[in-house]
Amino acid sequence: MIEFVVICAALVAALFVPVIDDVSGGRRLSTAQLLIDSLQQGYQRTSGALSLPE
């Protein structure tokens, strides 16, 4: 049980501790924020490509 708690705590720390400076906004981003931003950009690009006329 203790090993499970330690591993979960390490995963939470790895996902939500700010690690990277955002050059455009001047804020620190966590891994989870980077993942969400990447998913949003991918969705915007996909929907933009689908809306183009053939």
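Residues numbered from 1 in each chain as written. Predicted model: local features only at pLDDT ≥ 70, side-chain atom pairs only at ≥ 80, totals over all residues. Heavy atoms only, no water.

## As for the overall build of the chain
Working step 1: Looking only at helices and strands, one finds two helices and two strands in the chain.
Working step 2: Listing the helices and strands of the chain from first to last along the sequence gives α-β-β-α.
Working step 3: The C-alpha atoms of the chain give 17 Å as radius of gyration, which overshoots the globular expectation for 54 residues (10 Å, by more than 25%).
Working step 4: For the chain, the C-alpha atoms occupy an extent of roughly 55 × 30 × 5 Å along the three principal directions.
Working step 5: Here the chain holds 54 residues, and 7% of them are scored as buried.
Working step 6: A total accessible area of about 4,800 Å² is found for the chain, and carbon and sulfur atoms account for 68% of it. (Helix = DSSP H or I, 4+ residues; strand = E, 2+ residues; numbered from the N terminus. Rg over C-alpha atoms; globule rule 2.2 N^0.38 Å. Buried < 20%, exposed > 50% of the residue type's maximum accessible area, 1.4 Å probe, protein only. Areas by Shrake-Rupley, 256 points an atom, 1.4 Å probe, with all protein chains shown as cover.)

## Re the confidence of the model for the chain
Working step 1: Put simply, the chain has an average pLDDT of 87, and 93% of its residues get 70 or more.
Working step 2: Predicted confidence in the chain is weakest over strand 1 (residues 20-21), with a mean pLDDT of 70, and strongest over helix 1 (residues 2-16), with 93. (pLDDT = per-residue confidence, 0-100.)

## Some details on the side chain of Ser-30
Working step 1: Tracing the backbone shows Ser-30 in the loop between strand 2 (28-29) and helix 2 (31-50).
Working step 2: Exposure remark for Ser-30: the relative accessible area of 4% places this residue in the buried category.
Working step 3: In this structure the side chain of Ser-30 is engaged in a polar contact, spanning 3.4 Å, whose partner is the backbone oxygen of Leu-15.
Working step 4: Setting aside anything within four residues of it in sequence, one finds Ser-30 in contact with Leu-15, Phe-16, Val-17, Pro-18 and Val-19. (Polar contact = N/O pair within 3.5 Å; in protein donor to acceptor, adjacent residues only side chain to side chain. Contact = heavy atoms within 4.5 Å.)

## Details of a nonpolar patch on the surface
Working step 1: A cluster of nonpolar side chains, Met-1, Phe-4 and Val-5, forms an exposed patch at the surface whose accessible area comes to about 390 Å².
Working step 2: Structurally, the position occupied by Phe-4 is in helix 1.
Working step 3: For Phe-4, a relative accessible area of 57% translates into the label exposed. (Patch = residues over 30% accessible without salt bridge, like charges linked within 9 Å, V, L, I, M, F, W, Y side chains within 5 Å. Salt bridge = Lys/Arg side-chain N within 4 Å of Asp/Glu carboxyl O.)

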